[in-house]
Amino acid sequence: MQALYRTRIPRSLTVLLALLAGLGLAMGFAPWGLWPLTITGAGLLTWLVAGSTPRAGFVVGMLAGCALYGTTIWWVGAQAGPVVWVLVVVMAVWVGLLGAVSSLITRLPGWCFLVPLSWGAIEYGAGQIPFGGFPWLRLGHTTIDQPLAGWLPLVGTPGATWLVAMAGCCCLAAIVQRRRLVPLISVIGVFAIGGGMLLFPADRGGEDVSVGMVQGNAQLGLHGGYIAATGATPHHLSETIFLLADARAHGRNLDMIVWAENSTDTDPMLNPTTRAQVSAAVELARVPLDLGAITAGPEPRTRQTTTLIWVPGKGIVDRYHKRNLAPFGEFVPYRDVLEPLFPEVKRAGYQSIPGTDPGVVTVPTHTDPDLRVGTVICYELAYDQTVYDTVTNGAEVLVAQSTTHNFSGTIEPQQQMNMNRVRSAELGREFIASTLNGYSGLIDAKGGLHESTREYTAAHRIYTVPKRNNITLAVYLAPILGPTQVLGCLLATGFGFRSARIACRTGSLERTPTNSDEQEKQ
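This structure is a prediction, so every number in the text was calculated from the model and none was measured.

Explain the layout of surface pockets here, please?
Here the idea is plain: a probe the size of a water molecule rolls over the atoms and shows the empty space left. Space inside the second largest pocket adds up to approximately 380 Å³. Taken together, 21 residues make up the lining of the second largest pocket; nearest its centre are Tyr124, Gln128, Tyr383, Asp384 and Gln385. Of all elements in the fold, only α6 (111–126), α12 (384–392) and α14 (473–506) reach the threshold of two or more residues within the lining of the second largest pocket. In terms of residue count, α14 provides more of the lining of the second largest pocket than any other element does, five residues in total. The residue makeup of the lining of the second largest pocket, split by class, is eight nonpolar, nine polar and four charged. A domain-level breakdown of the lining of the second largest pocket finds at least three residues from each of domain 1 (11–200 + 475–506) and domain 2 (207–469).

Below is the structure:
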């Protein structure tokens, strides 16, 4: 397979196509789910930077990145105000870097398998920098409703990202280059294998656990900011009463109940009203309550987002503090600088302090005094290792607790549910998703959503899930793939740079070759 070059086109057309590439990439994410456009966008962006200078590739990538992130993460502005556009530009820089390195990698034979390494590399970097990382949008997240979803339990999100980018690059190669057989077979092969793996049913699992899920519908909507003190807990208490009436009317026994993140928006250990309301719910239910709470932090004027296990007659028996915090939602980076410039960031409230331990808690039920429940809180769904730590530390049942009320009416709740579905497929485990007012539901081990709720509604559900102890290959392989893709990208970029230098010395870059030129040489 020869190197990739493109014909010269007007600069204005390049700008337009770069923006279209970014929009195409965005369309594969929720709520749109038009995943063929993401594959097309990856291929178009690769073609636009092919054979150009790294500087030109960076500019094209930045344009595409601004279109991608401006279309998909504008909802951060509901909490952060205009500073969201700073975040958009910062994240677009990563796509700019992708364009720069891809401009060099496309000079190598086999580029359609090497350029996808740069996608994995920038996603790995974006998951670390800035502000502790913002890995919210990854190409692998667009695979859940297509045949490539079959690969998720094997290669995880990092591997799925490579597959999406590879499909885009191979489709491009099949269109613009003469040697089409290898790219075509590669695309058809990965889709056929992925689709085939989806046909295998999940195993039955172990003993069933009956979980009551409560969505309290405590929200103020877009631009509403955080709800007033003790505003969430009464909603959850009243809906829990409906849940218990429903369970008893139908003769269903519960093992535990789950409330969403921030279902107590004040510390129930310090606020007597909140404590009384939670205690009332627990004593009425007579089963443990897994609730999301805002708790006082270890330092003055700080807070933590916490999962508390509240047991009848005993009170709190276990807890987990959220490890990955959302920038501008739970903490404000460079607050002393940004707050005077953007007063809206005050809506984030006190700075949150992250926890350090894996998200696994013990829930003593009537049938199992040592039931291990894995807890992933909202934004943590974006972090591979945080999610994987639940199953490697013995979780038998998985719960995702979220608060989406600050982003009601935006596309964020749908993006989050989509990500939750990806995680279920990746782990081969059911997830019980509980939100304050967004989209709650049961996600099966293949990523399918069942008995979901609607936004802006109070609701409850009773879900039966099996205990599981399986650990998929993705849990072990995906953490290795990220650094491996970074290393592969650096090596490919180095070889691409060397190829460009040799071409300059021989004078072959006096004009940019076209694909037709390449074909004439053969």
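What exactly am I supposed to notice about the UniProt feature "transmembrane region" (unreviewed entry) in the protein chain here?
Cross-referencing UniProt, the feature "transmembrane region" (unreviewed entry) maps to residues 12–28, 34–50, 57–77, 83–104, 111–131, 151–174 and 181–200 in the present numbering. The straight-line gap between the two end C-alpha atoms of residues 34–50 is 25 Å; of that span, 88% is helix and 0% is strand. The span residues 111–131 carries 76% helix and 0% strand; its end-to-end C-alpha distance comes to 32 Å.

Mind showing me how you'd approach the packing of aromatic side chains here?
What characterises a pair of aromatic rings is the spacing of the ring centres plus the angle enclosed by the ring planes. Going through the model one piece at a time under the given rule, you end up with six aromatic pairs. Aromatic pair Trp136 and Tyr379: ring centres 6.0 Å apart, planes at 15°, arrangement stacked. Remark: Tyr379 occurs in the loop between β8 (371–377) and α12 and Trp136 occurs in the loop between α6 and α7 (152–176); sequence separation between them is 243 residues. Judged by its relative accessible area of 2%, Trp136 is buried.

Just to check I follow, could you spell out the pairing of strand β5 (residues 315–321) for this structure?
Two faces make up the sheet, and in a regular strand the side chains alternate between them. Pairing between strand β4 (residues 302–311) and β5: six bridges, direction antiparallel. Bridging across to β5, Leu308 finds its partner in Arg319. Between β4 and β5, which pair antiparallel one after the other, the connecting turn spans three residues, and Gly313 there sits at a positive phi close to 80°.

When you look at helix α1 (residues 11–27) in this model, what are you seeing that I'm missing?
Residue pairs spaced three or four apart in an α-helix point in one direction, given the helix's 3.6 residues per turn. Its 17 residues place the ends of α1 25 Å apart at the C-alpha level, agreeing with the 24 Å of an ideal helix rising 1.5 Å per residue. Three or more residues of α1 are buried, namely Thr14, Leu17, Ala18, Ala21, Gly22, Gly24, Leu25, Ala26 and Met27. As for α1, its buried residues are in contact with α2 (35–49), α3 (54–72) and α6.

Looking at this structure, I do not really get the pattern of salt bridges. What am I missing?
Pairing between side chains of opposite charge can happen when their charged atoms approach one another. Tallied over the full model, the rule gives twelve salt bridges. Put simply, Arg421 and Asp145 hold a salt bridge, and the shortest N to O gap is 2.7 Å. Remark: Asp145 occurs in the loop between α6 and α7 and Arg421 occurs in helix α13 (residues 412–427); sequence separation between them is 276 residues. Two residues, Asp203 and Arg468, come together in a salt bridge whose shortest N-O distance is 3.0 Å. Of this pair, Asp203 sits in the loop between α8 (181–198) and β1 (208–215) while Arg468 sits in the loop between β13 (459–466) and α14, and the two are 265 residues apart along the sequence. In this structure, a network of salt bridges that share partners links the residues Glu123, Arg138, Asp384, Arg423 and Glu426.

Just checking my understanding: could you explain the nonpolar core for this structure?
In summary, soluble globular proteins display a tendency toward joint burial of nonpolar side chains. Core analysis: the largest hydrophobic core is formed by 92 residues, its most contacted members being Leu45, Ile73, Val76, Trp119 and Trp136. Here this core takes eleven residues from α7, the largest share from any one element. Residue-level mapping places this core at the junction of two domains, with at least three residues from each of domain 1 (11–200 + 475–506) and domain 2 (207–469). If we ignore the near neighbours within four places in the chain, the residues touching Ile73 are Val84, Leu87, Val88, Phe134, Trp136 and Leu137. Residues Ile309, Val361, Leu442 and Val465 belong to the second largest nonpolar core, which totals 20 residues.

The rules behind these values
Numbering of residues begins from 1 in every chain and follows the order in which that chain's sequence is written. Per-residue local features are limited, in this predicted model, to residues with pLDDT of at least 70; the limit for side-chain atom pairs, both in listing and counting, is 80 or more; totals at the level of whole chains, interfaces and linings are taken over all residues. Excluded from the side-chain calculation are hydrogens and water; included are all heavy atoms of the structure. A cavity here means a set of 1 Å grid points, computed over protein atoms only, where a 1.4 Å probe fits but cannot escape. A pocket is an open set with protein on both sides within 12 Å along at least 5 of 7 lines, and lining residues have an atom within 4 Å of a point. Grid points are joined across faces, edges and corners, and a volume is the space filled by probe spheres set on the points. Runs of H or I in DSSP of at least four residues are treated as helices and runs of E of at least two as strands, each being numbered from the N terminus. Residue polarity follows a fixed list, in which Ala, Val, Leu, Ile, Met, Phe, Trp, Tyr, Cys and Pro are nonpolar, Asp, Glu, Lys and Arg are charged, and the others, Gly among them, are polar. Boundary definitions for the domains trace back to an automatic or database domain assignment. UniProt positions are given in the numbering used here, feature names are shortened, and annotations may be inferred rather than shown by experiment. Only rings of Phe, Tyr and Trp enter the pairing, Trp through its six-membered ring, and a pair is recorded when the two centres are within 6.5 Å. The plane angle decides the type: under 30 degrees is stacked, over 60 is edge-to-face, the rest tilted. Three exposure classes are used, based on accessible area relative to the maximum for each residue type with a 1.4 Å probe and protein chains only: buried under 20%, partly exposed in between, and exposed over 50%. When DSSP locates at least two bridges between a pair of strands, those strands are taken to pair. Here a helix's expected span is defined as the number of its residues, less one, multiplied by 1.5 Å. Here a residue-residue contact requires only that any non-hydrogen atoms of the pair lie within 4.5 Å. A pair is scored as a salt bridge if a Lys or Arg side-chain nitrogen falls within 4 Å of a carboxyl oxygen belonging to Asp or Glu. Working definition of a nonpolar core: buried Ala, Val, Leu, Ile, Met, Phe, Trp, Tyr and Cys residues. They are joined through side-chain atoms within 4.5 Å.

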